[in-house]
Amino acid sequence: MARSRIKPLSFLSVFLLGVDGIVGSGIFLMPSRVYAKVGDLSAGLMMLAGISVLMIALCFANLASKIPGDGGAWLYTYTAFGRFAGFEIGIFTWLLGVITMATEISAFVTSLRSVFPSLNQHGNYLMAALGILAVLTILNLFGPSLMDWVDNISTVAKIGVLVLFVGMGLFFIHPANYANMSAGMSNGSSLFGRINTGFGMVFYMFTGFSFLPIAASKMNHPEKTLPKALISVLLTSATLYMIVQLTAIGVSGSSLANDNVPIAASFYRLAGTVGYDLALVGMLISILGVALSVSFSTPTIASSLASEHQLLPRMLGRQNKRGVPIVSLLLSCGLCALMLFSGNYLFLASAIVFTSFVQYVPTIFAAIKLRNHNKLPQGFRLRGGNLIPIIALLVTAYLIFSFSLELIIAGVLVFLLSAVWYFYDDRDRQVNGLRRDIAEVDKAF
């Protein structure tokens, strides 16, 4: 009865949740890194990456319209390839959420070091990071209604800063700045190598979209709302990224390649210290908004694994009166706290990309396998047969070879440990045994 009183998310709230999940620290920190690699091509690369990610997102949208319910990639994999495959992708999807929480919190505290130098000390850094995690945990306890409200404010605030930056920047653009194809060439790498590296950086800026299907059951008519929201969110984010990048290049020129906080530095050239401070606040709101969005969706993954298909202990599916999976929330935040002890933002960011790709591949194959499944609704149809899934696979294969050996080894270890848990968990055998005992008792009477 308590679940029926929870107000579902509207299309606008779903759209803002998706934009907030994608537009995070990347748009405030990556423009200079990408520009240093490919110069003026960086703006076009952002749109190209957005379209490439859209191919993957369309596979998610297709499956979301066929298979309603919480879970996202793991649920689609489960439906297409069975319990074990679904369980493994579920673990990686859950870990992706936990790692993203830790990464965004780490980015938030790291960004504050320019204002509070004491945060360079690991002890102070850790206290601030754990404090932010505690606040996110408390906010989650109030359920989707509060999360909806806070997330909307976060999204509007950071998008407002970016729109203001573009609006003001149009009057300070120097056309001569759009003639720099040599940025980054001093490192001696080939154009293909620089584009490959830059594409990987930009691709990271879009990985947050995969969390949107996880909260499908919280939406009004998810089979219709989710596909439209995914497409709208990706196109909006890609367009915003490209416009912001073009503005930053036009304002800062070649000096953009050397800016650690490029949007804030470009804003400084527009409005001095006030502009810098405004951009910094927008960046912090953006990072915190992503952390908040992911902290809302991540516990739902573990809860769905436990309650809908009994792939994890049932206690992880327990909810409070507001519909919050309380045990999954506490466990997710506990794992996030452990990751924060590393204090290594770059490693956590690279782990996000790796775990994202791990769930993309089986989801794309699931879209191919379930395309004409006669027991599932047709839903959102992908035009061109399997062309879009094949393009999505090529995009994924193009990037997956850039992962470090350490990440691959870590991924294999997670897979093996998860497999051990799966095959040695005797809960299903106990349930089946109980059912047989009940059946025998019924026959006796």
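This text goes with the structure placed above it.
The paragraphs below set out a description of the structure included in this document. (Residues numbered from 1 in each chain as written. Predicted model: local features only at pLDDT ≥ 70, side-chain atom pairs only at ≥ 80, totals over all residues. Heavy atoms only, no water.)

A word on helix H11 (residues 326–340)
Part 1: Along its 15 residues, H11 runs 21 Å from first to last C-alpha, staying within 8% of the 21 Å computed at 1.5 Å per residue.
Part 2: All buried positions along H11 are accounted for by Ser328, Leu329, Ser332, Cys333, Cys336, Ala337 and Leu340.
Part 3: Lining the buried residues of H11 we find helix H5 (83–111), helix H6 (122–140) and helix H10 (262–307). (Helix = DSSP H or I, 4+ residues; strand = E, 2+ residues; numbered from the N terminus. Expected span 1.5 Å × (residues − 1). Buried < 20%, exposed > 50% of the residue type's maximum accessible area, 1.4 Å probe, protein only. Contact = heavy atoms within 4.5 Å.)

A few points about the nonpolar core
Part 1: Membership of the largest hydrophobic core comes to 134 residues, with the highest contact counts inside it found for Ile105, Phe203, Phe206, Phe209 and Leu312.
Part 2: Sort the elements by how many residues they give to this core and H10 lands first, with 18 residues. (Core = buried A, V, L, I, M, F, W, Y, C linked by side-chain atoms within 4.5 Å.)

Here we look at the environment of leucine 112
Part 1: Of note, leucine 112 is situated in the loop between H5 and H6.
Part 2: The exposure class of leucine 112 is buried, given its relative accessible area of 16%.
Part 3: Spatially, the C-alpha atom of leucine 112 lies 8.9 Å from that of leucine 280, the residues being 168 residues apart in sequence.
Part 4: Other than its neighbours up to four places away in sequence, leucine 112 contacts Leu119 and Leu284.

Things to note about the side chain of serine 328
Part 1: Mapped onto the secondary structure, serine 328 falls in helix H11.
Part 2: At a separation of 3.4 Å, a polar atom in the side chain of serine 328 contacts the main-chain amide nitrogen of serine 303.
Part 3: A polar contact of 2.4 Å, which involves the side chain of serine 328, links it to the backbone oxygen of leucine 316.
Part 4: Apart from residues lying up to four places away in sequence, serine 328 is in contact with Pro299, Ala302, Ser303 and Leu316. (Polar contact = N/O pair within 3.5 Å; in protein donor to acceptor, adjacent residues only side chain to side chain.)

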